[in-house]
Amino acid sequence: MKILLTGGKSAVALKLLKAFTNYKVVLADYGDVPLFATKDYELISLGIKNETVLAHTLLNNCLNEGVDAILPIHSFEIESLAKVEV
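Structure report, in brief. (Residues numbered from 1 in each chain as written. Predicted model: local features only at pLDDT ≥ 70, side-chain atom pairs only at ≥ 80, totals over all residues. Heavy atoms only, no water.)

1. Remarks on the packing of aromatic side chains
Evaluation of the coordinates by the stated rule reveals two aromatic pairs. Here the aromatic rings of Phe20 and Tyr23 are separated by 6.0 Å at their centres, their planes lie at 65 degrees, and the arrangement is edge-to-face. Residue classification places Tyr23 among the partly exposed residues on the basis of a relative accessible area of 35%. Centroid distance Tyr30 to Phe76: 6.1 Å. Interplanar angle 45 degrees. Geometry classified as tilted. Pair noted here: Tyr30 is in the loop between β2 (24-29) and β3 (36-37) and Phe76 is in helix α3 (residues 75-84), with a separation of 46 residues, a long-range link. Classification of Tyr30 by relative accessible area gives buried; the value is 10%. (Phe/Tyr/Trp six-rings, centres within 6.5 Å; stacked < 30°, edge-to-face > 60°. Buried < 20%, exposed > 50% of the residue type's maximum accessible area, 1.4 Å probe, protein only. Helix = DSSP H or I, 4+ residues; strand = E, 2+ residues; numbered from the N terminus.)

What follows is the structure, encoded as C-alpha cells:
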C-alpha cells in the first residue's frame with residue numbers, strides 16, 4: 001500500500017511517518033521541497049498552494065504517484081477533500 005502524507009516538511013509529518021514503517025509513503029508539501037527518495041519514502045512538491053483547486057491538486061498527485069490512501073494533516077486540505085468525497 002502506498003500513502004500520500006501532506007505537510008511533508010513538517011515535524012508532524014515526520015513523526016507520523018514512523019507509524020507507517022510497513023508502507024511506501026509519499027511525503028508531499030507545497031512550494032519548494034528537496035526532491036528525493038529513500039527505500040521507505042519520497043518527498044514531492046504539490047506546487048504553489050492554491051486553495052481554489054486544492055482537492056484537484058491532491059487527487060491528481062495521488063493518481064500520478066499510484067497512491068492508495070491520502071492522509072491530509074492541514075485543516076484546509078481536510079475541508080477541501082471532504083467537499084469532493086471521491
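2. What about the packing of helix α2 (residues 54-65) against α3?
Put simply, α2 and α3 touch, their axes get as near as 8 Å, and they point 85 degrees apart. In terms of their interaxial angle, α2 and α3 are classed as roughly perpendicular. In this structure, α2 contributes Leu54, Ala55, Leu58 and Leu59 to the contact, and α3 contributes Phe76, Glu77, Ser80, Leu81 and Val84. Per-class residue counts for the contact of α2 with α3 are seven nonpolar, one polar and one charged. (Axes fitted to C-alpha atoms, helices over the stretch in contact; angles between N-to-C directions. Parallel < 35°, antiparallel > 145°, perpendicular 65-115°, else oblique. Contact = heavy atoms within 4.5 Å. Nonpolar A, V, L, I, M, F, W, Y, C, P; charged D, E, K, R; others polar.)

3. So, α2
The end-to-end C-alpha distance of α2 is 17 Å, a good match for the 16 Å that 12 residues give at a rise of 1.5 Å each. Among the residues of α2, Leu54, Ala55, Thr57, Leu58, Asn61 and Cys62 are the ones counted as buried. When α2 is viewed along its axis, its buried side chains cluster within an angular range of 170 degrees and face the same direction. Every exposed residue of α2 that faces more than 90 degrees away from the buried side is listed here: His56, Leu63 and Asn64. Looking at the buried residues of α2, the elements they touch are β1 (2-6), β4 (41-45), β5 (69-71) and α3. (Expected span 1.5 Å × (residues − 1). Arc of directions from axis to C-beta.)

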